[in-house]
Amino acid sequence: MTLTFTPPGSSERQLELINADYDATTGQLYTFGKGRGLGDCGRATRWQFDGTRFVLAEYAEESTCDAWHSSDDWPTLWVSQSASAVQQR
């Protein structure tokens, strides 16, 4: 899949789907890739299927493997609004 932006410290916008999980009810695809076994670094994404393609909805990444915090605390670098939220404005 192709990211909407280039992540910090990377020259690639291509994302390998690691530990992908698809929820057919909501049309959301989740990925989660740990940088090492502790799970203190890596990246997580959430994609929304819009009927034609998957659109990046959320991207979180922690590039520093320092045993400081878990994946629940990784900084969110990208969030997009759903089409219904934009139309309600």
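Structure report, in brief. (Residues numbered from 1 in each chain as written. Predicted model: local features only at pLDDT ≥ 70, side-chain atom pairs only at ≥ 80, totals over all residues. Heavy atoms only, no water.)

This part takes up the overall build of the protein chain. The helix and strand inventory of the protein chain stands at one helix and five strands. Secondary structure elements in the protein chain, listed N-terminal to C-terminal, are β-β-β-β-β-α. For the protein chain, the C-alpha atoms occupy an extent of roughly 40 × 25 × 25 Å along the three principal directions. A burial count over the protein chain gives 25% of its 89 residues as buried. When contacts within the protein chain are restricted to residue pairs at least 6 apart in sequence, long-range pairs at least 24 apart make up 31% of them. Of the roughly 5900 Å² of accessible surface on the protein chain, 49% is carried by carbon and sulfur atoms. Of note, the protein chain has its 7 positive side-chain charges centred 6 Å away from the centre of its 12 negative side-chain charges. (Helix = DSSP H or I, 4+ residues; strand = E, 2+ residues; numbered from the N terminus. Buried < 20%, exposed > 50% of the residue type's maximum accessible area, 1.4 Å probe, protein only. Contact = heavy atoms within 4.5 Å. Areas by Shrake-Rupley, 256 points an atom, 1.4 Å probe, with all protein chains shown as cover. Lys, Arg positive; Asp, Glu negative; His and termini not counted. Charge placed at Lys NZ, Arg CZ, Asp CG, Glu CD.)

The next subject is the nonpolar core. Counting residues in each nonpolar core, the largest one holds seven residues, listed as Leu3, Phe5, Leu15, Leu29, Trp47, Leu56 and Tyr59. Not counting the four nearest positions on each side in its chain, Leu29 is found in contact with Met1, Leu17, Ala20, Asp21, Tyr22, Thr45, Arg46, Trp47 and Phe54. (Core = buried A, V, L, I, M, F, W, Y, C linked by side-chain atoms within 4.5 Å.)

Quick look at the state of the cysteines now. Under the defined criterion, the tally for this structure stands at one disulfide. Here Cys41 connects covalently by a disulfide to Cys65, the sulfurs 1.9 Å from one another. Between Cys41 and Cys65 the disulfide shows an S-S torsion of about 80°. By sign, it is right-handed. In this pair, Cys41 is assigned in the loop between β2 (28-34) and β3 (42-49) and Cys65 in the loop between β4 (54-62) and β5 (76-79), connecting sequence segments 24 residues apart. Under the relative-accessibility criterion, Cys65 is labelled partly exposed at 37%. (Disulfide = S-S within 2.5 Å.)

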